[in-house]
Structures are given as structure tokens and as C-alpha cells.
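Working through the structure, step by step
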Amino acid sequence: MKTATDARLSAIGYRLSAIFTLARAVILARLLAWLTGAAEALLLARVLARLLAARLDNPTFAGLYLVTWPLVAPLAALDHAQRQFGAVLEISTLTAAIFLPII
């Protein structure tokens, strides 16, 4: 038989589980915002590196291009007519940087 104390404890437990579920959702939303911001910063660094004609001989820029390639690869056809070396404004990278926060 349930007593009034048991009913109160049950109600408190339900409220705590709802609070913890909300807290998990907030943490997940913040984590997603941080990851999106980091990807956006990497894409903008790639745009700047390509505008300044950064060479792939440098391991830092090679790593930057390697990390950002999966985000840019689906849109690589936009840059088909551009030259491969020298200062280039990558339309695919700009498009990815614009649409990444929207997705």
C-alpha cells in the first residue's frame, strides 16, 4: 500500500528525471553548437589559406586541407574550372561555410 510519503518521493523522482533529461538536451545542443563553430572556423581558415596561396608543402596547411576535405568534397564540382595552384577563391568552401550552420 502506498503512503503519502511514497507518492511524494515518486513525484520528486519524476521531476528529477525530467530535469536531467532537459539538462542532457541542453548539453547536447551546446556540444553541437561548438562542433559547428569549430567546423566553420576550419572552413574559413581554408578559404583564407587558399586566398593567400598557402602551399601543401607546409604540414599545417596540408593538415587543414585534409581535415576540411570531407566538408568540401560534395561541392568540389563548383571549383572544377578554377586553377589548382596559386591564389584561388574556392566557391565550394564558401558555399559549405554558408550552409553548414543552416543544416
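Just so it is clear, the structure is predicted and the values come from calculations on it, not from any experiment.

Here we take up the overall build of the protein. Within the protein, the secondary structure is distributed over three helices and zero strands. Listed by position from the N terminus, the elements making up the protein come as α-α-α. Within the span of the protein, comprising 103 residues, buried residues form 19% of the whole. Counting contacts in the protein only where the partners sit at least 6 residues apart, residues at least 24 apart contribute 52% of the total. A total accessible area of about 7,900 Å² is found for the protein, and carbon and sulfur atoms account for 74% of it.

A word on the pattern of salt bridges. Pairing between side chains becomes possible if they bear opposite charge and their charged atoms approach one another. Here the structure, examined in full by the defined rule, presents three salt bridges. Close ionic contact of Arg50 with Glu90 constitutes a salt bridge, the shortest N to O distance being 3.4 Å. Of the two residues, Arg50 is situated in helix α1 (residues 4–51) and Glu90 in the loop between α2 (59–72) and α3 (91–99); the sequence distance between them amounts to 40 residues. For Glu90, a relative accessible area of 8% puts it in the buried group. Ionic pairing is found between Asp57 and Arg55, a salt bridge with its closest N-O pair at 2.3 Å. An identical accessibility class is assigned to Asp57 and Arg55; each is exposed. Members of the salt-bridge network, linked through shared partners, are Arg46, Arg50 and Glu90.

Mapped onto the elements of the fold, Tyr65 is located in helix α2. On the basis of relative accessibility, which here comes to 9%, the residue Tyr65 falls in the buried class. Separated by 22 residues in the primary sequence, Tyr65 and Leu43 have C-alpha atoms spaced 9.1 Å apart. Apart from residues lying up to four places away in sequence, Tyr65 is in contact with Arg46, Ala49, Arg50, Ala54 and Leu56.

So, on to the side chain of Glu40. With respect to the helices and strands, Glu40 occurs in helix α1. There is no salt bridge for the buried Glu40, and the closest opposite charge comes from Arg46, which lies 13 Å off by N-O distance. Dropping the residues within four chain positions of it, Glu40 is found in contact with Ala97, Leu100 and Pro101.

Moving on, we come to the confidence of the model for the protein. Model confidence for the protein is summarised by a mean pLDDT of 82, while 82% of its residues fall at 70 or above. Here α1 stands out as the least confident element of the protein, with mean pLDDT 80; α2 is the most confident, with 92.

Another aspect to go through is the side chain of Asp79. Along the chain, Asp79 turns up in the loop between α2 and α3. Despite being buried, Asp79 has no salt bridge partner; Arg46 is the closest side chain of opposite charge, sitting 6.6 Å away. Apart from residues lying up to four places away in sequence, Asp79 is in contact with Glu90, Ile91 and Ser92.

Rules used in this analysis
Residues numbered from 1 in each chain as written. Predicted model: local features only at pLDDT ≥ 70, side-chain atom pairs only at ≥ 80, totals over all residues. Heavy atoms only, no water. Helix = DSSP H or I, 4+ residues; strand = E, 2+ residues; numbered from the N terminus. Buried < 20%, exposed > 50% of the residue type's maximum accessible area, 1.4 Å probe, protein only. Contact = heavy atoms within 4.5 Å. Areas by Shrake-Rupley, 256 points an atom, 1.4 Å probe, with all protein chains shown as cover. Salt bridge = Lys/Arg side-chain N within 4 Å of Asp/Glu carboxyl O. Lys, Arg positive; Asp, Glu negative; His and termini not counted. pLDDT = per-residue confidence, 0-100.

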